[in-house]
Amino acid sequence: MQWRGRRGSRNIEDRRGQRSAGGGAIRLGGGGLGVVAIVVIAYFLGVDLTPLLEGTTTSGPVVTQSGELSEREKAMGDFVSVTLADTEDVWDGIFRDELGRQYHPVTLVLYSGITRSSCGNASGATGPFYCPGDKKVYLDTAFFDTLSQQLGAKGDFAAAYVVAHEVAHHVQDELGILGKVNQIRAQSSEAQSNALSVRIELQADCFSGIWARQAQEQFGSIEPGDIGEAMNAAARIGDDTLQRNAGRVPMPDSFTHGSSAQRQRWFERGYQSGDLKQCDTFSVRNL
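Residues numbered from 1 in each chain as written. Predicted model: local features only at pLDDT ≥ 70, side-chain atom pairs only at ≥ 80, totals over all residues. Heavy atoms only, no water.

Per an unreviewed UniProt entry, the recorded name for the protein is Neutral zinc metallopeptidase, and the organism is Thioclava marina. Turning to the protein, the UniProt annotation filed under Subcellular location (unreviewed entry) states: "Membrane". (UniProt positions renumbered as here; feature names shortened; annotations may be inferred.)

Enquirer: So what's going on with the layout of surface pockets? Residues and values would help.
Expert: Size it by volume and the second largest pocket reaches roughly 250 Å³. What lines the second largest pocket is a set of 16 residues, and nearest its centre among them are R72, M76, G155, D156 and A159. At the level of secondary structure, the elements contributing two or more residues to the lining of the second largest pocket comprise α3 (71–99), α4 (142–150) and α5 (156–174). Here the element with the most residues in the lining of the second largest pocket is α4; it accounts for five residues. (1 Å grid on protein atoms, 1.4 Å probe; cavity = no way out; pocket = protein on both sides within 12 Å on 5 of 7 lines; lining within 4 Å. Points joined across faces, edges and corners; volume = space filled by probe spheres on them. Helix = DSSP H or I, 4+ residues; strand = E, 2+ residues; numbered from the N terminus.)

Enquirer: Break down the pattern of salt bridges for me, with residues and values.
Expert: Tallying each qualifying case throughout the model produces 14 salt bridges. One salt bridge in this structure joins R7 and E88, with 3.6 Å as the shortest N-O distance. With a gap of 81 residues between them, R7 in the segment before β1 (12–14) and E88 in helix α3 connect regions that are remote in the sequence. One salt bridge connects D240 with R244, and the closest N-O pair in it is separated by 3.7 Å. Of this pair, D240 and R244 both sit in helix α9 (residues 239–245), four residues apart, which is roughly one turn of that helix. (Salt bridge = Lys/Arg side-chain N within 4 Å of Asp/Glu carboxyl O.)

Enquirer: Which residues make up the sheet that holds strand β7 (residues 129–131), and what are the values?
Expert: Across the sheet, four strands lie side by side as β1-β4-β8-β7; this open sheet has mixed pairing. Each edge of the open sheet carries a strand with a single partner, namely β1 and β7. Going from strand to strand, the sheet's axes swing by 25° on average, the running direction of each strand aside. Taken together, the three bridges between β1 and strand β4 (residues 107–110) define a ladder with parallel strand orientation. (Pairing = 2+ DSSP bridges. Axes fitted to C-alpha atoms, helices over the stretch in contact; angles between N-to-C directions.)

Enquirer: Can you lay out the environment of S208 for me, pointing to particular residues and giving the numbers?
Expert: Position of S208 among the secondary structure elements: in helix α7 (residues 190–219). On the basis of relative accessible area, S208 is assigned to the buried category, the value being 1%. Distance in space between the C-alpha atoms of S208 and E268 is 9.2 Å, their sequence separation being 60 residues. Apart from residues no more than four positions distant in its own chain, S208 is found in contact with Y161, A164, H165, A168 and F267. (Buried < 20%, exposed > 50% of the residue type's maximum accessible area, 1.4 Å probe, protein only. Contact = heavy atoms within 4.5 Å.)

Enquirer: Residues and numbers for the state of the cysteines, please.
Expert: With the rule as written, the count across this model stands at two disulfides. The disulfide partner of C119 is C131, and the gap between their sulfur atoms is 2.1 Å. Sign of the S-S torsion, about 95° for the bond between C119 and C131, identifies this disulfide as right-handed. You can see C119 sitting in the loop between β5 (114–117) and β6 (120–123) and its partner C131 sitting in strand β7, a full twelve residues away along the chain. The exposure class of C119 is buried, given its relative accessible area of 12%. Looking at C131, the relative accessible area reads 0%, which means it is buried. What pairs with C206 in a disulfide is C279, and their sulfur atoms sit 2.0 Å apart. Across the disulfide from C206 to C279, rotation about the S-S bond amounts to roughly -75°, and the bridge is consequently left-handed. (Disulfide = S-S within 2.5 Å.)

Enquirer: Tell me about the nonpolar core, and name the residues and values.
Expert: Generally speaking, soluble globular proteins have nonpolar side chains that are buried together. Core analysis: the largest hydrophobic core is formed by 62 residues, its most contacted members being W91, F144, F157 and W211. In this view, F144 contacts M76, V80, L139, A159, V162 and V163; residues no more than four positions away in its chain are not counted. (Core = buried A, V, L, I, M, F, W, Y, C linked by side-chain atoms within 4.5 Å.)

Enquirer: So what's going on with helix α10 (residues 260–273)? Which residues, and what values?
Expert: Along its 14 residues, α10 runs 20 Å from first to last C-alpha, staying within 8% of the 20 Å computed at 1.5 Å per residue. If you check which residues of α10 are buried, you get S260, Q262, R263, W266, F267, G270 and Y271. Along its buried surface, α10 packs onto α5, α7, α8 (226–236) and α9. One or two residues past the end of α10 sits G274, with phi positive at roughly 65°. (Expected span 1.5 Å × (residues − 1).)

Enquirer: Pulling in residues and values, what's your account of the pairing of β6?
Expert: Two strands pair when backbone bridges link them, and β5 and β6 are joined in this way by four bridges, in the antiparallel orientation. From the neighbouring strand, S117 faces β6, where its bridge partner is G120. Where β5 hands over to β6, the hairpin turn is made up of two residues, counted between the paired strands.

Structural data, given as structure tokens:
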């Protein structure tokens, strides 16, 4: 992915100079990697999330300490900023030209350790997520190391796919989809809620594919192998793959993001079609 020297977004809130520690409840907003993924990531990061998984919370203030960013951390921040700028240009054009409306860009919060969000305290162990409460994406860039080194999704475009996926949840929010589905989920059984969550996540994957296609056409930033990196990332964070990696037998009824094959299929569908209508995961029977 060609990103160096290109425009970065102004909608970055960089909190990484403040290293956070302390308690507080950690709750996932729409677009987090889900409980099973938390288990896998927490295992690799050495974080004890037993209280979260048991439905309890920890308490105490969040304490921040100043810290200098390394050159690598600065580069990762620049990478995320350029990727976010690309999503802004793509979705601004789609909203204007295809929907006749204005796109309001999302703010992306970069942080290290723990930080506050309207969905509760954000922890690097939860993975990137979109919080509808404050309309912000939260990302600890250390997750990219986990994605590459532990989950096996290498390459800068794999990381770009993660950013695009979380921005896609904001797009769903802008379109009114996310709020309506979350209202239905709140009144549904656990199995029904999980099934709806899968459809939300697969639609976000499809939207991410549309973004990749537009980025290729508008900016020429996509290089050979980039789409393969995104497809590999989609597979590596499929619910069935994550459950197997956690030593469990995949249980489809517990899926909240979709299987590896489904995630790849819907990303490819968006990439090949470039059509929002092709991303209607709610009207199809077989995902």
